[in-house]
Amino acid sequence: MLRVAVIGAGVNGVASAIKILEHYQDEKKLNVQVTILSEQFTPHTTGDGSAGLWGPFLLGGTDESKVHKWSRDMHLFLEQIWLSEDAGEAGVCLVPCVRLSSDPSVIVGDFWRDIVYGAVELTAEQLEVYNKGRDVKFTCGMSFVTYTSEPIKLLPYLMKRFVRRGGQVEQRKITDLESFVRESSYDVIVNCTGLGSRQLLNDDDVYSVRGQVSRVRANWVFTAILDESDDGNYIIPNTESVVLGGTHQERDYNTNVCAKDKRFIIDGCRSLLPGLKHSEHLFDWVGLRPGRVQLRLEAERRGNKLLIHNYGHGGSGVTLCWGCADDVLNLLLAAKVKAKL
Ligand SMILES: Cc1cc2nc3c(=O)[nH]c(=O)nc-3n(C[C@H](O)[C@H](O)[C@H](O)COP(=O)(O)OP(=O)(O)OC[C@H]3O[C@@H](n4cnc5c(N)ncnc54)[C@H](O)[C@@H]3O)c2cc1C
C-alpha cells in the first residue's frame, strides 16, 4: 500500500490529490490511498472568494516557461470540463476578455496568444471606447476568450470527484511538519499549504498579497475587463455575480474589509464600465494570496519518505493548479517510492 497525504485543501491541494489518485486508479494500481488533511476546506480557502479567471498574475520570479506549461495544462483541463456535462456544476464559463494598458509589454506576447482563444490587438479606434473621460489613456489592448472557474463551485466539484474515487479527507492542522513526516504512516507528503508554509516551514520567502474585491449583481455583464496598470481595476463575470477588483497589497495581513479599498474598487470599476452604477452590491471580501519570491514545486527525500512542496502561487493559484498537480505527480513517479503496489 502506498499512502499519500496532501496537506491543504485549496485549489492546489485538491488538484494534486486528484491527479495522484486518478493516475494510480487509471493504471489499475488500486493499492494507493490518498488523504487530504487540512485546517480549512471550501468555502474557507483563499480561492473561494476569487473570480477564478485564467491568467498568470503576481508570480514573482517564477520561471516563465514553467508558468506557460502549467497555465496551458489548466486551460486544456478547463476546456475538457467546459465541453462535458460537468461544466455548470464546476462553475466553468467561457468569457470574452479585454486587457488594457499603457505598457505594451504587459499586454501582447506569445505567452497568452498561443493558449487563449482568438487573441487580437485592439485598434486605436477600439481603444478610444475605453479611453473616454480618462486622464491617463490606454495605449494598447488585447481581446481574447478564456475561462473562469470560480473556486466556490470548482472546489466542491473537485472534492466530490476525489471522494467518489475513494479519496480520504481529514480536518486537521499540522503544527510540526518535521514530526508529521517522521512519525506518520504516510510514504509521501505533499505540502500545499499556501501562505501557511510561511509558518509551517519558517519560509520567509512566502508573504501575503492582500486582495480585496466586491461582488455585485449585474447580469448584463458577460465580459471581463482588466486594467493591467499597477493600480488598475478589473471586472470579471461569474455565474451568479460579477467580481469587481481589486487590490494587491504585499505583506499586508489584514483580512478585514477596508472602506478606502472599497471606494477605490467601486469608483475604478464604474469608470471602466459606467453601467455598473446600476448594479446591486452583494458583499465585499478579502483574501490573502500566497505570494513567494518564486513558486516552490520540488521534492525532498526524508529517509524513506518523500516530501513534495507545491506552494507560493500568488495571484494565479487557480490558473496553475492543474499543471502544477501534474508536476507533483511526475515528481512522485520519478522518486520511485518503495511501497507495495
Ligand atoms: C482577491 C483574489 C482574487 C484572485 N483571483 C484569482 C484569479 O482570478 N485567478 C487565479 O488563478 N487566481 C486568483 N487568485 C489567487 C488564488 O486564489 C490563489 O493563488 C489560490 O487560491 C492559492 O491556492 P492554494 O491551494 O495554493 O492555497 P490556499 O487556497 O490558501 O490553501 C491552503 C490550504 O492549506 C491549509 N493549511 C494551511 N496551513 C495548514 C496547516 N498548518 N495544517 C493543515 N492545513 C493547513 C489551509 O487551511 C488551506 O486549506 C486570487 C486571490 C485573491 C485573494
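Keep in mind it's a predicted model, so treat the numbers as computed, not measured. (Residues numbered from 1 in each chain as written. Predicted model: local features only at pLDDT ≥ 70, side-chain atom pairs only at ≥ 80, totals over all residues. Heavy atoms only, no water.)

**Here's the deal with the overall build of the chain**
Item 1. From N to C terminus, the chain includes eleven helices and 15 strands.
Item 2. Its C-alpha atoms give the chain a radius of gyration of 20 Å, within 12% of the compact-globule value 20 Å for 341 residues.
Item 3. For the chain, with 341 residues in total, the buried portion stands at 54%.
Item 4. A fraction of 79% describes how many contacts in the chain between residues 6 or more apart in sequence connect residues 24 or more apart.
Item 5. Summed over all atoms, the accessible surface of the chain reaches about 15500 Å², with 50% contributed by carbon and sulfur. (Helix = DSSP H or I, 4+ residues; strand = E, 2+ residues; numbered from the N terminus. Rg over C-alpha atoms; globule rule 2.2 N^0.38 Å. Buried < 20%, exposed > 50% of the residue type's maximum accessible area, 1.4 Å probe, protein only. Contact = heavy atoms within 4.5 Å. Areas by Shrake-Rupley, 256 points an atom, 1.4 Å probe, with all protein chains shown as cover.)

**Thoughts on the UniProt feature "binding site: FAD" (unreviewed entry) in the chain**
Item 1. UniProt's entry tags Ala51, Gly52, Leu53, Thr193, Gly314, Gly315, Ser316, Gly317, Val318 and Thr319 with the feature "binding site: FAD" (unreviewed entry), counted in the numbering of this structure.
Item 2. Structurally, Thr193 is set in the loop between strand E7 (188-191) and helix H9 (197-200).
Item 3. Ignoring any residue separated from it by four or fewer positions in sequence, one finds Thr193 in contact with Ile7 and Leu200.
Item 4. Within the secondary structure layout, Gly315 lies in the loop between strand E15 (305-311) and helix H11 (317-335). (UniProt positions renumbered as here; feature names shortened; annotations may be inferred.)

**Here's the deal with the side chain of Asn191**
Item 1. Take Asn191: it is sitting in strand E7.
Item 2. Judged by its relative accessible area of 0%, Asn191 falls in the buried class.

**Focus on the sheet that holds E7**
Two orientations exist for strands paired in a sheet by backbone hydrogen bonds: parallel and antiparallel.
Item 1. With respect to topology, six strands assemble into an open sheet ordered E6-E2-E1-E7-E15-E14, the strand pairing being mixed. Both edges of this open sheet fall to strand E6 (168-171) and strand E14 (296-302), since each of them pairs with a single strand only. Neighbour-to-neighbour, the strand axes of this sheet turn through a mean angle of 20 degrees, independent of strand direction.
Item 2. Packed on one face of the sheet, H11 meets E7, E14 and E15 and runs near 165 degrees to E15. (Pairing = 2+ DSSP bridges. Axes fitted to C-alpha atoms, helices over the stretch in contact; angles between N-to-C directions.)

**Observations regarding helix H2 (residues 64-82)**
Item 1. For H2, with 19 residues, the first-to-last C-alpha span of 26 Å sits near the 27 Å given by 1.5 Å per residue.
Item 2. Looking only at H2, the buried set comprises Val67, His68, Trp70, Ser71, Asp73, Met74, His75, Phe77, Leu78 and Ile81. (Expected span 1.5 Å × (residues − 1).)

**Description of the packing of aromatic side chains**
Item 1. Inspection of every chain in the model, using the stated rule, returns six aromatic pairs.
Item 2. Taking the centre distance of 5.2 Å and the plane angle of 90 degrees together, the rings of Trp54 and Trp112 count as edge-to-face. Taken together, the residues span a long stretch of sequence, with Trp54 in the loop between strand E2 (32-38) and H2 and Trp112 in helix H5 (residues 110-113) at a distance of 58 residues. The burial state of Trp54 is the same as that of Trp112; both residues are buried.
Item 3. With a centroid separation of 5.8 Å and 80 degrees between ring planes, the pair formed by Tyr117 and Tyr147 is classed as edge-to-face. Highlighted residues: Tyr117 in strand E4 (residues 117-121) and Tyr147 in strand E5 (residues 140-149), separated in sequence by 30 residues.
Item 4. Judged by relative accessible area, Tyr147 falls into the buried class, the value being 1%.
Item 5. Through pairs of rings, three or more aromatic residues link up here, namely Trp54, Trp112 and Phe144.
Item 6. The side chain of Arg3 reaches across the aromatic face of Tyr186, ending 4.7 Å from its centre. (Phe/Tyr/Trp six-rings, centres within 6.5 Å; stacked < 30°, edge-to-face > 60°. Lys NZ or Arg CZ within 6 Å of the ring centre and 35° of its normal.)

**What to know about the nonpolar core**
Item 1. Grouped together as the largest cluster of nonpolar side chains are 69 residues, with contacts concentrated most on Ile20, Val34, Met74, Val188 and Val190.
Item 2. When residues in this core are grouped by element, the largest group, ten residues, is from H11.
Item 3. Beyond its immediate sequence surroundings of up to four residues, Val190 is in contact with Val4, Ala5, Val6, Ile7, Ser16, Ile20, Ile308 and Val328.
Item 4. Counting 17 residues, the second-largest nonpolar core is a separate cluster that includes Leu122, Leu127, Ala218 and Cys269. (Core = buried A, V, L, I, M, F, W, Y, C linked by side-chain atoms within 4.5 Å.)

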